[in-house]
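Chain by chain, the residues run as shown.
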Amino acid sequence: MAGNWKMNLNHQEAVVLVQKLAWTLDDKRHDFAKAEVVVVPPFTDLRSVQTLVDGDRLRIRYGAQDVSVHDSGAHTGEISAAMLAKLGCSYVVVGHSERRADHGEDDAVVNAKARVSVAADMTPIVCVGEGLEVRREGRQVEYTLAQVAGSLAGFTPEQVGALVIAYEPVWAIGTGEVATPEDAQEVCGAIRSWVAETHGEEASQAVRVLYGGSVKAANVAGIMAQSDVDGALVGGASLEADEFGGICRFYEMPMI
Ligand SMILES: O=C[C@H](O)COP(=O)(O)O
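Residues numbered from 1 in each chain as written. Predicted model: local features only at pLDDT ≥ 70, side-chain atom pairs only at ≥ 80, totals over all residues. Heavy atoms only, no water.

**Student:** Where do I start with the environment of Gly 212 in this structure?
**Tutor:** Note that Gly 212 resides in strand β7 (residues 208-212). Each C-alpha atom of the pair Gly 212 and Val 170 lies 9.1 Å from the other, and the pair is 42 residues apart in sequence. If we ignore the near neighbours within four places in the chain, the residues touching Gly 212 are Tyr 167, Glu 168, Pro 169 and Leu 233. (Helix = DSSP H or I, 4+ residues; strand = E, 2+ residues; numbered from the N terminus. Contact = heavy atoms within 4.5 Å.)

Structure follows, in C-alpha cells:
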C-alpha cells in the first residue's frame, strides 16, 4: 500500500504523519506480511522521513514522487536517482498522470525514469491509466497496455517481475469517482496477462499491480478482493493516518 502525498505536507508535518501512522499500525497490530506500507512524500520531506524511519526502526518504507532522467550536472531543479537512493528511498513513482498532464511526460520519458530508478536499486512504481474520453469509448484496456508497453520497452523479464505497475484511471483520481472493483480487475488483469505474454509467466506472477483512484478504507476490501489487484496507490486518503492505516489493514475491512 503506497501513499502518494503529492504536493502536501512540509517536513515537520511529514514527521507527525509518519509517527501517527506508525502508532496506528502498531496499535492495531498490522501484519506487514499482508501489506507492505510505503509513503511517498514530497522531495523536501525525505530527509526528515529517513531520520525518523531509521531512528525509530520503523517498518514503513518510503519513496519519491519523481526522478530526473539525468545522472548529474546542469539540470536546475532536478533530483537524481543517486540522491534519492542515498536518502534511503525504496521506491520512485514514475509517469503519474499528473506529471504526464502537467509536464508532458510521455512513455519514453517514463521509460527513462524507470531505468534510472532500477539502475540505482530502487523500485519504480510505473503509473498508467486512461482518461474519461478513452473510457467512454471503451478503449481503456488497449490504451493502458500501450502505455505499459512504451514505459517498459527494453526491460528484461527479471526487471519487469521486480517492479510495480499502478493502474490509475485518470477520471477516478481525486474525484471521489472510484472505479468499480470489476473495472479495476479488468485492466489490472489485462496488464498481468500482457506481462505473461511478453515477459513470461514468472514475471507476471512476480510483478505487483496496484489500483489507484479514490481508494479509501471503506472501499479498499472490494478492490483488494480482485485476483489481479495486489495493492493500492492512494492519494488523498494517505494524508490521514487513521484512514491510510485502515487501507493498509484492508484484510480486516468490511466488504461493501
Ligand atoms: O497517486 C495516487 C492517485 O493519483 C490517487 O489519488 P486519490 O486517491 O486522491 O484519488
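Having seen the model, we can carry on.
**Student:** I tried to follow the pairing of strand β3 (residues 61-64) on my own but got confused; where do I start?
**Tutor:** Within a regular beta strand, the side chains point alternately toward one face of the sheet and then the other, so they alternate between its two faces. Relative to β3, strand β2 (residues 38-40) runs parallel, the two sharing 2 bridges. Note on β3: the bridge partner recorded for Val 38 is Arg 61. Handedness of the crossover is the feature at issue here: the chain leaves β2, passes through helix α2 (residues 46-55), returns alongside β3, and the resulting connection is right-handed. Pairing of β3 with strand β4 (residues 91-94) involves 2 bridges; the strand directions are parallel. By the bridge assignment for β4, Gly 63 is matched with Tyr 91. Crossover β3 to β4 through helix α3 (residues 81-86) is right-handed. (Pairing = 2+ DSSP bridges. Right-handed = clockwise from strand over helix to strand, strands pointing away.)

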